[in-house]
Amino acid sequence: MRFRIIVLAKQVPDTRNVGKDAMKADGTVNRAALPAIFNPEDLHALEQALSIKDKIPYAEVILLTMGPTRAAEIIREAMYRGADRGFLITDRKFAGSDTLATSYALSLAVKKLTPYHLVISGRQAIDGDTAQVGPQTAEKLGIPQITYAEEILSLDAKKIIVKRRLERGVEVVNSTLPALITVHSSAPPCRQRIGKLLMKYKHARTLTELQNETKDYTELYNERPYLLIEEWSAEDLKADSQSLGLSGSPTKVKKIENVVFQHKESKVLSNSDKDIEKLMQTLISSHIIG
Amino acid sequence: MENFYTDNPHLRFHLTHPLMSRIVKLKESDYSQKDKYDFAPLDYEDAIDSYDKIMEIIGEISGEIIAPNAESVDKEGPQLVNNEVRYARGTRENHDALVKAGLVGFSLPREYDGLNMPHVPYVMSGEIVSRADAGFANIWGLQDCAETILEFASDELKAEFLPRFNKGDTAAMDLTEPDAGSDLQAVQLKATYDNHKHCWLLDGVKRFITNGDADISLVLARSEEGTTDARGLSLFVYDRKDKAVSVRRIENKLGIKGSPTCELVFKQAPAKLIGDTKLGLIKYVMSLMNSARLGVGSQSVGLAEAAYREAYKYATEREQFGKSIIKYPAVYEMLTNMKVKIDGMRSLLYETARYVDLYKCYNSASRERKLEADERQEAKHYQRLADMFTPLLKLYSSECCNQIAYDAIQIFGGTGYMKDFPIERIYRDARITTIYEGTSQLQVVAAIRYVGNGGYLSVMRERAGLRVNPELEYLRSSLEKMTEQFARTVEKINEFSDNEYFDFHSRRLVEMAANILIGYLLLFDANRSDEYTMSADIFIRKGRAENVAAVSFINNCHPKEVNDYKL
């Protein structure tokens, strides 16, 4: 059996170089003005997966992403770097998903890829910055999660030891497999695209993409089935339609304001019930939630 | 994300030149490898798309890794540790990135794990890497040695050495000796055949060897005892694993400090013969040198591009007397002249690369099948053009990159003289380009042959006859006049039948030819894209003025006046 590693990744607008037209008047992101890129921390996650594959030749790296047709680009990007294949979760029914609905869809897709050993994702995406999708997916899969991973110290068929990068130092934890880890940007950057893999996989397309191609390469896809990127719809995932997209997303954006950062401060809380209670009260009293 | 390919649209312009379709078709043997290799191109568009994407990787590695490392590499330089060359940290990182991206063995055939890239994209990779760090470009560019092995070595040697390039083995060409610099016929390093060990053994000293401690070295040595000229020299390949060469020192240089320049001592070093004995210098090294000169051309264009970008940026940001200095005629003229020269030298670079591609493609096809008569003629035609254009390229681009780096520092003023900006490193790095792989003076010697035998003139006249868009006709007609002025000047010098007089004016004549030939190239670039009209116009007008000045000097300097210059 191959050691199966599933990388969860997201195509995001490049918010690192935002111009004046980055936001629309209604406060939503103007995706047309920002180039779509591979979420940076997901690239760190991919590197972790690929470096496991360097050491364990029977490991298999599968990239899983949810998004519109064009998100297939990050599956190709992953294949150029050494991923074996990828699946695009795409359906109009997924539109408007918040982190809860997204992690629901992702967890169904991961289950479809059972048996798997490791699920790796970036800590958070640069568009939403929630850092919730990884942990929520692990919860739904009922597997252990290790967030803020910086380095995989050891790995065998049943166990993983990971160094976590936390605000005030590092922590070494171990876990049974399968597990989900989210990778911090302090982990090594992803390797470059590899010349021959790029030339090999550049024709990889989803069926939807193929329908829009001007050139007919039908024969090529018959000869090289690995070039066809599979798309999974809500139906393929046997998803409950109430848990998808807008209807599955309890998050509602009430208002968006432009803020100018003046102070940068943070409070450190322990995970005691008392501290969490205090935090909740603060958040409610300042109308951040509720 | 810095990408030195995608931020420079001129590169894609040259990568998609109309002549590429013939080059790619030949290089890919009519796209016959697609069933054998899953990364081989399916057709012309597919091939160009692959080149484009590979260039993007080179551009990204150059912009994100090599360029940011350049300063520390320049400071740290390579070290000699236990008789071994240890690259600077940044150099190792650069090399690793390119190896891991699977890009070494760039132009080797796929059967040797190469990428089967033509010269045009290979030369382009050299330009891009040089813009990031010209010193590192030497380590990247020495994969030229693989081509010499491919063209001339036995199948056995090819199988032994060629696949090692893609795995990251580095290479060196060991030619120069203390008493054999420009004059390589004087090489003395001795090669003797050992009948017991059944191999050649090398003994002697090599000096100024770039990347001297490489994994694979091509060594020029005297295999014929008692000879003193080129006919006694053969070419060998030495494997570093044999540990029979010691590095005596690493030179402390003005520039390209990241590239280790070594003095090597060979002691009974086992080596394998490439091709036949006695053809080492006459055939193999001559071919290797032509590739190396193309390499210096690409290095010069890359350096010039880097210098121009630095100067342009500074000139727009720096304010004096209440406005940015780029607003002053003295400054914008310098910058525009830089840009125009770069467009010209780049056009010459890729034109030369295309000629090299075409004749080499035919040569390699001839190893597999008998060429048709018209193909043989084409091969000969393009080889001649490559021979004509290579010294012109080396001369013109290296001299221009020095002028451009000089002017770039001028634009920075006092700030440019400090170590705070990359421009002072670029200036130092540029200085070597007119010297190594044949000095400018030797390029003139190689090029003047085609002034004397009418080679350049026939190319000019053929181009004068090509049609261009009506709005560019005035430039074509201007070049036609320059062509005839050149013809008259050469004729006039020849009337004296005085070799020394001809030699005395040779550089002027070669530079006149360069002004005209590059003028034609820019004219055809402008014909293909409006982007180049301004450069063609300025280049041709300036070239015309320079040629008038040269003619005026020549007309006023008769054979007897040459004596005034003798010291």
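Residues numbered from 1 in each chain as written. Chains lettered and ligands numbered in written order. Predicted model: local features only at pLDDT ≥ 70, side-chain atom pairs only at ≥ 80, totals over all residues.

So, about the overall build of chain B. Looking only at helices and strands, chain B features 19 helices and 11 strands. A globule of 567 residues ought to have a C-alpha radius of gyration of about 24 Å, and chain B, at 24 Å, matches this closely. Referenced to the eigenvectors of the C-alpha coordinate spread, the extents of chain B come out at roughly 70 × 60 × 60 Å. For chain B, restricting intrachain contacts to residue pairs at least 6 apart in sequence, the fraction spanning at least 24 positions comes to 76%. (Helix = DSSP H or I, 4+ residues; strand = E, 2+ residues; numbered from the N terminus. Rg over C-alpha atoms; globule rule 2.2 N^0.38 Å. Contact = placed C-beta atoms within 7 Å.)

This paragraph deals with the overall build of chain A. Along its length, chain A carries 8 helices and 12 strands. Its C-alpha atoms put chain A at 65 × 50 × 35 Å along the principal axes. Within chain A, contacts between residues at least 6 apart in sequence are counted, and of these 69% link residues at least 24 apart.

Looking now at the domain arrangement of chain B. We note that the domain assignment places domain 1 (171-280) and domain 2 (440-565) within chain B. Centre-to-centre, using C-alpha coordinates, domain 1 of chain B lies 39 Å away from domain 2 of chain B. (Domains from an automatic or database assignment.)

That bond from Thr114(A) to Pro115(A) is cis: its omega, 5°, falls within 30 degrees of zero. Inspection of the secondary structure puts Pro115(A) in the loop between α3 (99-112) and β6 (118-122). Residue Pro178(A) is reached from Leu177(A) by a cis peptide bond, and omega for that bond is -5°. Mapped onto the elements, Pro178(A) comes out in the loop between β9 (169-176) and β10 (179-183). Not every positive phi belongs to a glycine, and Phe321(B) is a case in point at roughly 50°. Position of Phe321(B) relative to the elements: it lies in the loop between β10 (319-320) and β11 (323-324). We classify Phe321(B) as exposed; it has 7 C-beta atoms within 10 Å. Positive phi values are uncommon outside glycine, yet Ser497(B) reaches one of about 45°. (Buried ≥ 20, exposed ≤ 12 C-beta atoms within 10 Å, placed from the backbone.)

A few words on the pairing of strand β7 (residues 233-239) of chain B. Residues and elements named next belong to chain B. Among the 7 residues that make up β7, 6 are buried, leaving the element largely enclosed by the rest of the structure. Note: strand β6 (residues 216-222) against β7, 7 bridges, orientation antiparallel. If you follow leucine 220 over to β7, its bridge partner there is leucine 235. Note that β7 and strand β9 (residues 261-273) share 2 bridges and pair antiparallel. Bridge assignment links valine 237 to a residue of β9, and that residue is lysine 272. (Pairing = 2+ DSSP bridges.)

Residue and element names in this part refer to chain A. In this sheet, strand β12 (residues 228-232) lies alongside strand β5 (residues 85-89) in parallel orientation, the contact comprising 3 bridges. Along β12, the bridge assignment pairs phenylalanine 87 with glutamate 230. Note that strand β11 (residues 205-206) and β12 share 2 bridges and pair parallel. Looking at the pairing, arginine 205 lines up with leucine 228 of β12.

Consider a sheet: its strands pair through backbone hydrogen bonds, and that pairing is either parallel or antiparallel. Residue and element names in this part refer to chain A. Strands sit in the order β9-β8-β7-β10-β6-β1-β4-β5-β12-β11 across an open sheet of 10 strands; the sheet is mixed. Whereas interior strands pair on both sides, the edge strands pair on one side only; in this sheet they are β9 and β11. Where strand β7 (residues 145-155) meets strand β8 (residues 159-166), 5 bridges bridge the pair, whose relative direction is antiparallel. Residue pairing for β8: glutamate 151 is matched across the bridge by lysine 163. With respect to the sheet, helix α1 (residues 40-55) is in contact with β1 (3-9), β4 (59-66), β6, β7 and β10, its orientation differing from that of β6 by roughly 145°. (Axes fitted to C-alpha atoms, helices over the stretch in contact; angles between N-to-C directions.)

With that settled, the discussion passes to the nonpolar core. Residues Val7(A), Leu64(A), Ala105(A), Leu202(B), Phe236(B), Ala307(B) and Leu517(B) are the most contacted members of the largest nonpolar core, which totals 236 residues. When residues are assigned to domains, this core turns out to be shared by domain 1 (171-280) and domain 2 (440-565) of chain B, each giving three or more. Setting aside anything within four residues of it in sequence, one finds Leu202(B) in contact with Leu189(B), Ala191(B), Val219(B), Ala221(B), Phe236(B), Tyr238(B), Phe266(B), Ala269(B) and Ala271(B). (Core = buried A, V, L, I, M, F, W, Y, C linked by C-beta atoms within 7 Å.)

Attention now moves to helix α8 (residues 155-166) of chain B. Residues and elements named next belong to chain B. Taking 1.5 Å per residue, 12 residues should reach 16 Å; α8 reaches 18 Å between its end C-alpha atoms and fits that length. Listed as buried for α8 are Phe161, Leu162, Phe165 and Asn166. The arc that holds every buried residue of α8, seen down its axis, measures 150°, which confines them to one face. Pointing more than 90 degrees away from the buried face of α8 are the exposed residues Glu156 and Ala159. With its phi angle positive at about 115°, glycine 168 sits one or two positions after the end of α8. (Expected span 1.5 Å × (residues − 1). Arc of directions from axis to C-beta.)

Right, let's get into the interface of chain B and chain A. Residue-level contacts link 15 residues of chain B with 12 residues of chain A. For the side of chain B that touches chain A, the secondary structure elements donating two or more residues are α3 (44-76) and α4 (89-100) of chain B. For the side of chain B that touches chain A, the leading source of residues is α3(B), giving 6 residues. Taken together, the residues that form the side of chain B that touches chain A break down as 9 nonpolar, 2 polar and 4 charged. (Nonpolar A, V, L, I, M, F, W, Y, C, P; charged D, E, K, R; others polar.)

Residues lying three or four places apart along an α-helix face the same way, a consequence of the helix completing one turn every 3.6 residues. Residue and element names in this part refer to chain B. Most of helix α13 (residues 423-430) is tucked away: 7 of the 8 residues are buried. Residues Ile423, Glu424, Arg425, Ile426, Tyr427, Asp429 and Ala430 constitute the buried set of α13. Its buried side turned inward, α13 meets α3, α6 (134-141), α9 (280-317), α11 (373-412) and α12 (414-417).

Residue and element names in this part refer to chain A. Take glutamine 11: it is sitting in strand β2 (residues 11-13). Looking at glutamine 11, the number of C-beta atoms within 10 Å reads 23, which means it is buried. Look past the residues within four positions of glutamine 11 in its chain and what remains in contact with it is Ala36, Phe38, Thr65, Gly67, Ala71, Glu73 and Ile74.

With respect to the element layout, Gly126(B) can be found in helix α5 (residues 119-132). Taking the C-alpha atoms as reference points, Gly126(B) and Ala353(B), 227 residues apart in sequence, are found 12 Å from one another.

This part covers the packing of helix α2 (residues 20-27) of chain B against helix α10 (residues 329-366) of chain B. Residue and element names in this part refer to chain B. At a minimum axis distance of 9 Å, the contact between α2 and α10 shows a crossing angle of 30°. Considering their axes alone, α2 and α10 lie roughly parallel with respect to each other. α10 is crossed by α2, and the crossing has left-handed handedness. Across the interface between the two elements, Arg22, Ile23, Leu26 and Lys27 from α2 touch Arg354, Asp357, Leu358, Cys361, Tyr362 and Ala365 from α10. For the contact of α2 with α10, the per-class residue count stands at 6 nonpolar, no polar and 4 charged. (Parallel < 35°, antiparallel > 145°, perpendicular 65-115°, else oblique. Left-handed = near helix turned anticlockwise from the far one by under 90°.)

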